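One-letter residues, chain by chain:
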Amino acid sequence: MINKLSHKIAVFIQKNHDQAASMDVLMFSLTVVLNAIFCTIMILGIGAVTGKFVEALLLLFSFVILRFFSGGMHLPTSKLCNFISISLFVVLMHLPVSYWPAGFVCNLIAFILVLIYAPTKDIMHLNLLGPKYTPHFKAASILLVGANFWFQSPFMAMAFLAQTLTLTPIAYKGVSLLERR
């Protein structure tokens, strides 16, 4: 569905813009953007229908902003990514978790993982600033997770933990096993 829509938009762009990027570049870029929009709409929509819109919004914002600075592994297909992401957020937004003690433990583990693994090498090579800003991205990641010790949001803690688990070598090994299948 998303691939077909990406293709139609890419064809339209190529027909109407002389200096458009190649079809492959357009397709890849559009697929990434449309997948992000699809996941966001689905997660927020489910949150709204189930009365958990604020929780869904907080989870999404926390996860995405930390992922921007810390990086993390990517699943081999966009369909798998969409399925796992939507499922994860739906479960997390409905968990009856308080900050003390469960949220605190989640936040502490996320903080330790950020100290050890953030930012990943792949994110530092993909961003426009380049690897020389690695200390800045690490500091931003530490400050984000550390700020939740003050905010004490269980949803931020769960989002941070979910995101920081994607930084670990075990996550990368798991993805490489999926890619071999």
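Preceding block: the structure.
What counts and what doesn't
- Residues numbered from 1 in each chain as written.
- Predicted model: local features only at pLDDT ≥ 70, side-chain atom pairs only at ≥ 80, totals over all residues.
- Heavy atoms only, no water.
- Core = buried A, V, L, I, M, F, W, Y, C linked by side-chain atoms within 4.5 Å.
- Buried < 20%, exposed > 50% of the residue type's maximum accessible area, 1.4 Å probe, protein only.
- Helix = DSSP H or I, 4+ residues; strand = E, 2+ residues; numbered from the N terminus.
- Contact = heavy atoms within 4.5 Å.
- Lys, Arg positive; Asp, Glu negative; His and termini not counted.
- Salt bridge = Lys/Arg side-chain N within 4 Å of Asp/Glu carboxyl O.
- 1 Å grid on protein atoms, 1.4 Å probe; cavity = no way out; pocket = protein on both sides within 12 Å on 5 of 7 lines; lining within 4 Å.
- Points joined across faces, edges and corners; volume = space filled by probe spheres on them.
- Nonpolar A, V, L, I, M, F, W, Y, C, P; charged D, E, K, R; others polar.
- Arc of directions from axis to C-beta.
- Phe/Tyr/Trp six-rings, centres within 6.5 Å; stacked < 30°, edge-to-face > 60°.

Here's the deal with the nonpolar core
Residues Ile43, Leu59, Phe89, Val145 and Phe160 are the most contacted members of the largest nonpolar core, which totals 27 residues. Contributing elements (two or more residues each) for this core: helix 2 (23-49), helix 3 (53-70), helix 4 (78-94), helix 5 (99-117) and helix 8 (154-165). Broken down by element, the residue count for this core peaks at 8 residues, all from helix 8. Not counting residues within four places of it along the chain, the set of residues in contact with Phe89 comprises Ile43, Leu59, Leu60 and Phe63.

Focus on the side chain of Arg67
Looking at where Arg67 falls in the secondary structure, it is placed in helix 3. The charged side chain of Arg67 is buried without a salt bridge, its nearest counter-charge being Asp122 at 6.7 Å. In this structure Arg67 touches Gly72, Met73, His74, Ile123, Gln163 and Thr166, once residues within four positions along its chain are discounted.

Description of the layout of surface pockets
In this model, the largest pocket occupies a volume close to 1500 Å³. Sorting the residues of the lining of the largest pocket by element identifies helix 2, helix 3, helix 4, helix 6 (121-126) and helix 8 as the ones contributing at least two each. The element that contributes the greatest number of residues to the lining of the largest pocket is helix 2, accounting for 10 residues. For the lining of the largest pocket, the class distribution of residues is 26 nonpolar, 12 polar and 2 charged.

Examining helix 5
Buried within helix 5 we find Tyr99, Gly103, Cys106, Asn107, Ala110, Leu113 and Val114. Along the axis of helix 5, the buried residues cluster in a sector spanning 125°; they form a single face. In this structure, helix 5 carries Pro101 and Ile116 as exposed residues pointing more than 90 degrees from its buried face. Buried-residue contacts for helix 5 involve helix 3, helix 7 (134-151) and helix 8.

Considering the environment of Leu92
When you line up the elements, Leu92 lands in helix 4. For Leu92, a relative accessible area of 9% puts it in the buried group. A sequence separation of 70 residues divides Leu92 from Ala162, and the C-alpha atoms of the two residues are 9.5 Å apart. Leave out the neighbours within four places in its chain, and Leu92 touches Leu59, Phe155, Met158 and Ala162.

Notes on the packing of aromatic side chains
Throughout the structure, instances matching the rule amount to 10 aromatic pairs. Taking the centre distance of 5.3 Å and the plane angle of 85° together, the rings of Tyr99 and Trp100 count as edge-to-face. Their ring planes at 70° and their centres at 5.6 Å tell us that Phe111 and Phe149 sit as a pair that is edge-to-face. With Phe111 in helix 5 and Phe149 in helix 7, this residue pair connects regions lying 38 residues apart in the sequence.

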